[in-house]
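# Survey of secondary and tertiary structure
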Amino acid sequence: MDVSNQPPVSSDRLQQAYAALMERAPSALFRKARQLYLNKYCLDGREPQGPLRLYVQQEKTEERIEPCLVEQEPRRLAIYTVQPITLALVHWQQPNAAEPVVQEAYLQQWGLGGITLQPQSESWFRQGGHQALLAAPSDLLWRKESLLPELSREQD
């Protein structure tokens, strides 16, 4: 997907919904379970209302370990970052796209107005409805940090 039409900044509502979705999603270590989860649950919450829903269609994950100091002791910090690349606008259980004015109003609620949609020929996961893809904002991401256990030190 061409991300040249990518909105640079996400709205607070979109950031909060994305963080809530990521808190519940299976780890990226479990790829199939994670993909099933992201196909089933949208950014609109567990009980979405209305004919349109917004899903994470494609994402990029990064894991790294960095040194850090905790109480002047060297430790390691694991950092896990997930960033959506594309989102899917789904006209729930409808074979055709919603009217452009309805789509634009819905996307405005997420701070995604004026974005070019790329309609897809296949329906969303398990015949969920017509889907159109859009680039995710470049600053939309979720980051989790975990302090790793201390390494056992060799005794002399």
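Notes on the structure in this doc start here. This one's a predicted model, so the numbers in the text were calculated from it and none came from an experiment.

Parameters and conventions
Residues numbered from 1 in each chain as written. Predicted model: local features only at pLDDT ≥ 70, side-chain atom pairs only at ≥ 80, totals over all residues. Heavy atoms only, no water. Buried < 20%, exposed > 50% of the residue type's maximum accessible area, 1.4 Å probe, protein only. Helix = DSSP H or I, 4+ residues; strand = E, 2+ residues; numbered from the N terminus. 1 Å grid on protein atoms, 1.4 Å probe; cavity = no way out; pocket = protein on both sides within 12 Å on 5 of 7 lines; lining within 4 Å. Points joined across faces, edges and corners; volume = space filled by probe spheres on them. Phe/Tyr/Trp six-rings, centres within 6.5 Å; stacked < 30°, edge-to-face > 60°.

Glycine aside, residues mostly have negative phi angles, and peptide bonds mostly take the trans form. For Glu-71, which is not a glycine, the phi torsion comes out positive at approximately 50 degrees. You can call Glu-71 exposed: its relative accessible area is 75%. With a phi angle near 65 degrees, Gln-72 is a residue other than glycine that sits in the positive phi range. Note on placement: Gln-72 falls in the loop between strand E1 (52-70) and strand E2 (73-92). You can call Gln-72 exposed: its relative accessible area is 68%.

This part covers the layout of surface pockets. In this structure, the largest pocket occupies an estimated 260 Å³ of space. As for the largest pocket, its lining consists of 16 residues, of which Ser-27, Ala-28, Tyr-80, Trp-142 and Lys-144 are closest to the centre. Breaking the lining of the largest pocket down by element, the ones donating at least two residues are helix H1 (12-24), E2 and strand E5 (142-147). In terms of residues, the lining of the largest pocket owes the most to one element, E5, which gives four residues.

Tallied over the entire structure, the rule returns four aromatic pairs. Judged by centre distance (6.1 Å) and plane angle (85 degrees), the ring pair of Tyr-80 and Trp-142 falls under edge-to-face. With Tyr-80 in strand E2 and Trp-142 in strand E5, this residue pair connects regions lying 62 residues apart in the sequence. Of the two residues examined, Tyr-80 and Trp-142, each falls in the buried class.

Read these as spatial facts, not as claims about activity.
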